[in-house]
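Geometric and topological summary
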Amino acid sequence: MTAGQGPQGWDQPGQQPYGRQQPYGQDPYAQNPYPQQPPGGYGSAPAAPDSWGAPAPVERPQAVRLGVGAWVASILLALLSSILTFAQLDELVDQALLDQGLDPADYSGVTDAASTGVVLAGVVFGLVFVGLELMFVWFAWQGRNWARIVLWVLGGLALVFGLVGLLSSPLPGLLTVLSLVQYLLILVGVVALAQKPASEWYRYRGWQRARGL
């Protein structure tokens, strides 16, 4: 080491003597790993896409098609049963009197007036009920969950009261068969609309309506 020189290796490139400072703003060890902020403040965070949190698109499943189709078929069978009932009304009234131990000939005049009232009341009630059922079925087809719940309730009541009525006062052969097939279709409709794919589709349709899609 000569006079006026520092320790060996101090003046070599890439080395700094003790006490010598790096220029202001430079890192002596590594570059700054963080990106610099843009002028004017912090950068805005990326906006979350609108699809975040949205359920996956669901097509109308086979369960909904089967359930709604079963309900439509049951309504058609109900109309057919009503037509056959009205066509055999006199025979049904006579059979009801015989079941009670009465002679239908003694009540011919009374039964004519009563049967007319029964027919009119049955027609009005049947048309109103069928109209309501068709409305609920239509809304269920469109993905309205409340309509599906209404169909569940109507289906349960129809199965309970219908089967009890058949057991207590059985109808003539063809009407009994039609009624049993109708109740079987209602059961299929209720079970099909309660399946998981149907529930997922109704949930998706509700999400769509909530966002005006």
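Above this text is the structure in question.
Parameters at a glance
Residues numbered from 1 in each chain as written. Predicted model: local features only at pLDDT ≥ 70, side-chain atom pairs only at ≥ 80, totals over all residues. Heavy atoms only, no water. Helix = DSSP H or I, 4+ residues; strand = E, 2+ residues; numbered from the N terminus. Buried < 20%, exposed > 50% of the residue type's maximum accessible area, 1.4 Å probe, protein only. Contact = heavy atoms within 4.5 Å. Areas by Shrake-Rupley, 256 points an atom, 1.4 Å probe, with all protein chains shown as cover. Expected span 1.5 Å × (residues − 1). Axes fitted to C-alpha atoms, helices over the stretch in contact; angles between N-to-C directions. Parallel < 35°, antiparallel > 145°, perpendicular 65-115°, else oblique. Left-handed = near helix turned anticlockwise from the far one by under 90°. Nonpolar A, V, L, I, M, F, W, Y, C, P; charged D, E, K, R; others polar. Core = buried A, V, L, I, M, F, W, Y, C linked by side-chain atoms within 4.5 Å. Phe/Tyr/Trp six-rings, centres within 6.5 Å; stacked < 30°, edge-to-face > 60°. Lys NZ or Arg CZ within 6 Å of the ring centre and 35° of its normal. Polar contact = N/O pair within 3.5 Å; in protein donor to acceptor, adjacent residues only side chain to side chain.

Considering the overall build of the protein
- Across its full length, the protein carries six helices and zero strands.
- Helices (α) and strands (β) of the protein occur, in sequence order from the N terminus, as α-α-α-α-α-α.
- Counting across all 213 residues of the protein, residues that qualify as buried make up 24%.
- A separation of at least 24 residues holds for 74% of the contacts in the protein among residues at least 6 apart in sequence.
- For the protein, the accessible area works out to roughly 15100 Å², and carbon and sulfur atoms hold 63% of it.

Here's the deal with helix α4 (residues 145-168)
- Taking 1.5 Å as the rise per residue, α4 with 24 residues should run 34 Å; its terminal C-alpha atoms sit 35 Å apart, in good agreement.
- Every buried residue of α4 is listed here: Ala147, Arg148, Leu151, Leu154, Gly155, Leu159, Gly162 and Leu166.

A few points about the packing of α4 against helix α5 (residues 173-193)
- As a packed pair, α4 and α5 sit with axes 9 Å apart at the nearest point and diverge in direction by 150°. On the basis of their axis angle, the class for α4 and α5 is roughly antiparallel. The interaxial crossing formed by α4 with α5 has left-handed handedness. On α5, the residues touching Arg148, Leu151, Trp152, Gly155, Ala158, Leu159, Gly162, Leu163 and Leu166 of α4 are Ser179, Leu180, Tyr183, Ile186, Leu187, Val190 and Leu193.
- Residue composition of the contact of α4 with α5, by class: 12 nonpolar, three polar and one charged.

Considering the nonpolar core
- Within the largest apolar cluster, 21 residues are counted, with the highest numbers of intra-cluster contacts made by Val64, Trp71, Val137, Leu151, Ile186, Leu193 and Tyr202.
- Contributing elements (two or more residues each) for this core: α1 (62-87), α3 (108-141), α4, α5 and α6 (196-210).

So, the packing of aromatic side chains
- Scanning the model with the defined rule gives five aromatic pairs in all.
- Geometrically, the ring pair formed by Tyr204 and Trp207 is stacked, given 6.1 Å between the ring centres and 20° between the ring planes. In this pair, Tyr204 and Trp207 are both assigned in helix α6, three residues apart and thus about one turn of the helix distant. Judged on exposure class, the residue Tyr204 and its partner Trp207 are both buried.
- Pairwise contacts between aromatic rings join Phe136, Phe139 and Trp146 into one cluster.
- Above the face of the Trp141 ring, Arg60 is positioned so that its terminal group lies 4.0 Å from the ring centre.

Some details on the environment of Ala73
- Relative to the helices and strands, Ala73 resides in helix α1.
- In this structure Ala73 comes out as partly exposed when scored by relative accessible area, which is 28%.
- Sequence separation between Ala73 and Gln182 is 109 residues, and the spatial gap between their C-alpha atoms is 7.7 Å.

Details of the side chain of Ser74
- The topology assignment puts Ser74 in helix α1.
- From its side chain, Ser74 meets the backbone oxygen of Trp71 in a polar contact 2.6 Å long.
- Not counting the four nearest positions on each side in its chain, Ser74 is found in contact with Gln182, Leu185 and Ile186.

Digging into the environment of Asn145
- Tracing the sequence through the fold places Asn145 in helix α4.
- Spatially, the C-alpha atom of Asn145 lies 7.9 Å from that of Arg203, the residues being 58 residues apart in sequence.
- Leave out the neighbours within four places in its chain, and Asn145 touches Tyr202 and Arg209.

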